[in-house]
Structure formats: structure tokens, C-alpha cells
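Each chain, letter by letter, is given below.
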Amino acid sequence: MTTTRPARRAALRRLPLVSALAGGTVLLLAGPAFAHVSVQPGTAEKGGYTTVAFKVPNEKDNASTVKLEVTLDPKHPLPSVSTQPVPGWDVKVDKTKLDKPIKTADGMVNEAVTKITWTGGKIEPGSFQQFPVSLGPLPKDADQVVFKALQTYSDNDVVRWIDASTPGGEEPDHPAPVLKLTAPAADKGSGHDSKDGRSDTAATAGSKTSGDGGSDTTARVLGIVGIVVGVAGVAYAVFTGRRRSRA
């Protein structure tokens, strides 16, 4: 079967549109992959101390993030929780009396931090902010510590990052930040303070990538591929248009 010249030209004219749509689809799919509130780094040793940062990206184009509330897991109270100052932000730490005191190296602990709230600053569209927190000792009888985060925007919209993730299942729309707990390292004499077991090599904000770091990389690669395909489609459209104008 022979294709006529008008049919071939019509097919060629549709190629740039298909390419652009394909690129746009890739970008749309890539976007949500790195838009979650997460814990960085995403792993820590059971029974130890660590420093993590809550990474908060702004998902909106027309509003700023103005408040972050993080609720700690009441099933696994942490005796020691301290925050690092974040320029432009005020922090409030709420404590609750424990039903059962916790025994630590420094004595009995009768209360624990249950919620941390940051206000007063802004995370502009297209930006993210990290909120560092030192905490411990982490539980020895759990595989993870789950946090619940509420992200408030300047337009009064509140995004609730509280949904539980099922191992091997589909990721929820608003997953709660999770800190995975691993078995302690075999060598306890390296990188630890002999007094309270605090890790000297605990990651500072942004120094390591885990949790959603792999998703970030995949999303960026897919986004770049989409942009390249879209640009190629536009260039081809211009080229074929010039050829038709000369004919």
C-alpha cells in the first residue's frame, strides 16, 4: 500500500505534537516523586543517637510554606530531642508526661517530646527547606520510627503527610516520613562518644541522601529526557515548516 504525499506530510506535522506531549507526560510523572516531606538520612542504628533533617519541598506555584508541624511516634518516645536553629524560623517544642518513665544512662525520664512546630519563615515556590533535629536513644525493639507532618501554606491549605506505607504495596498519596532502623554496627568503638553513645558521624542536614534520594535522581533524569524530547519536537516542526515554505 502506497502512502500519498499529503498523508505523509500530515503524519510528519503530528510528530512534534506527539513529542511535546510525551515530554510533558514524563515531567508530570516525575514531579510528585520528589515532592514528599521526608527524613534525611532515612536510616539510623537501633538504640543510638542520630541527627536527621525533615526535608520540606514546596509543591505549589502560587503559595509559600509557612508552617511545619512534626508529631513524634507516641509508641516509641524519645528521651532526648533537640532542634538546630533554622534562620528565619521560630521553633516550639511540646512535651508530654509519660505513662511509664524511661530509664536512660542519665537516669529516669518522665516526659518526652511529642511535637515540634516551626513557624515564621517561608519556603517559596520552587524551593525546599531542611529542619535538623537530634534525637535518641532510638528504640531497640522496632524497625522504624514514624513521624506525622502537617505542612501549612500561605493560602491556608494544609497538607497532611500522615498516611502509612505498606511494605511492597503502592505508596500512598501523602506518606508519613519514616526513619528506618538498622542493627547496630559490629564495631562499637568507632565514631561514638564513650559517655552516652552519641554518634560523632551522624549525618548533618543534607550531607547524605537516602529515603527519597533515589526518587529525586530518577525524577530529574526523567524530567531532562522529557525536556530534550520536547525541544527536539519543536525544532523538527520549525525545520519542516521552513522546507514547506521553500517548496
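Up top is the structure these notes are about.
What comes next concerns the included structure. On a predicted model such as this, the values are computed, not experimentally measured, just so you know.

Definitions and cut-offs
- Residues numbered from 1 in each chain as written.
- Predicted model: local features only at pLDDT ≥ 70, side-chain atom pairs only at ≥ 80, totals over all residues.
- Heavy atoms only, no water.
- Core = buried A, V, L, I, M, F, W, Y, C linked by side-chain atoms within 4.5 Å.
- Buried < 20%, exposed > 50% of the residue type's maximum accessible area, 1.4 Å probe, protein only.
- Helix = DSSP H or I, 4+ residues; strand = E, 2+ residues; numbered from the N terminus.
- Patch = residues over 30% accessible without salt bridge, like charges linked within 9 Å, V, L, I, M, F, W, Y side chains within 5 Å.
- Areas by Shrake-Rupley, 256 points an atom, 1.4 Å probe, with all protein chains shown as cover.
- Salt bridge = Lys/Arg side-chain N within 4 Å of Asp/Glu carboxyl O.
- Lys, Arg positive; Asp, Glu negative; His and termini not counted.
- Charge placed at Lys NZ, Arg CZ, Asp CG, Glu CD.
- Pairing = 2+ DSSP bridges.
- Axes fitted to C-alpha atoms, helices over the stretch in contact; angles between N-to-C directions.
- Contact = heavy atoms within 4.5 Å.
- Phe/Tyr/Trp six-rings, centres within 6.5 Å; stacked < 30°, edge-to-face > 60°.
- Lys NZ or Arg CZ within 6 Å of the ring centre and 35° of its normal.

## Some words on the nonpolar core
Piece 1. If you look at the biggest cluster of nonpolar residues, it comprises 31 residues, and the most contacted ones within it are Phe54, Trp118, Phe131, Leu135, Phe147 and Leu179.
Piece 2. Contributions of two or more residues to this core are made by strand S3 (50–57), strand S4 (65–71), strand S7 (107–123), strand S8 (128–136), strand S10 (148–153), strand S11 (158–161) and strand S12 (178–182).
Piece 3. Per-element tally for this core: the top contributor is S7, with four residues.

## Here we look at a negative patch on the surface
Piece 1. A grouping of Asp163, Glu170, Glu171 and Asp173 is seen on the molecular surface, where their side chains present a negatively charged patch.
Piece 2. Turning to its location among the elements, Asp163 is positioned in the loop between S11 and S12.

## Focus: the sheet that holds strand S9 (residues 144–146)
Piece 1. Taken in spatial order, the three strands make up an open sheet running S2-S12-S9, and their pairing is mixed. Every other strand in the sheet has two partners, leaving strand S2 (43–45) and S9 as the edge strands with one partner each. Recorded for the sheet is a direction-independent mean angle of 30° between the axes of neighbouring strands.
Piece 2. The pairing of S9 with S12 spans three bridges and is classified as antiparallel. Note that in S12 the partner of Gln144 across the bridge is Lys180.

## Side note on the pattern of salt bridges
Piece 1. The tally for this structure, following the rule as stated, stands at six salt bridges.
Piece 2. Among the ionic pairs, Asp157 bridges to Lys60, the shortest N-O distance being 2.9 Å. Of this pair, Asp157 sits in the loop between S10 and S11 while Lys60 sits in the loop between S3 and S4, and the two are 97 residues apart along the sequence.
Piece 3. The partly exposed category is assigned to Asp157, whose relative accessible area is 31%.

## Section: the side chain of Glu69
Piece 1. Inspection of the secondary structure assignment puts Glu69 in strand S4.
Piece 2. When residues no more than four places from it in sequence are discounted, the contact partners of Glu69 are Lys115, Ile116, Thr117, Lys148, Ala149 and Leu150.

## Section: the sheet that holds S3
Piece 1. One open sheet accounts for four strands, arranged S1-S3-S8-S5; its pairing is antiparallel. Across the chains shown, the open sheet's two edge strands, defined by having one partner strand only, are strand S1 (38–40) and strand S5 (80–83). Neighbour to neighbour, the strand axes of the sheet diverge by 30° on average, direction disregarded.

## Remarks on the packing of aromatic side chains
Piece 1. A full pass over the atoms with the stated rule returns four aromatic pairs.
Piece 2. On the numbers, 5.1 Å between centres and 85° between planes, the contact of Phe54 with Phe147 is edge-to-face. Of this pair, Phe54 sits in strand S3 while Phe147 sits in the loop between S9 and S10, placing them 93 residues apart in sequence.
Piece 3. Using a relative accessible area of 1% as the deciding quantity, one classes Phe54 as buried.
Piece 4. What makes Phe147 buried here is its relative accessible area of 1%.
Piece 5. Residues Trp89 and Phe131 carry aromatic rings whose centres are separated by 5.1 Å and whose planes lie at 90° to one another, so their mutual orientation is edge-to-face. Separated by 42 residues along the polypeptide, Trp89 in the loop between S5 and strand S6 (90–104) and Phe131 in strand S8 bring together distant segments of the chain. Each of the two residues, Trp89 as well as Phe131, counts as buried.
Piece 6. An aromatic cluster of three or more residues is present, and its members are Phe54, Trp89, Trp118, Phe131 and Phe147.
Piece 7. Between Lys55 and the ring centre of Phe128, over which it is positioned, the NZ or CZ distance is 5.0 Å.

## Things to note about the environment of Phe147
Piece 1. Residues Phe147 and Ile162 lie 15 residues apart in sequence; the distance between their C-alpha atoms is 7.6 Å.
Piece 2. Non-local contacts of Phe147, meaning those with residues more than four positions away in its chain, are made with Val39, Phe54, Val70, Thr71, Leu72, Leu135, Trp161, Ala176, Pro177 and Leu179.

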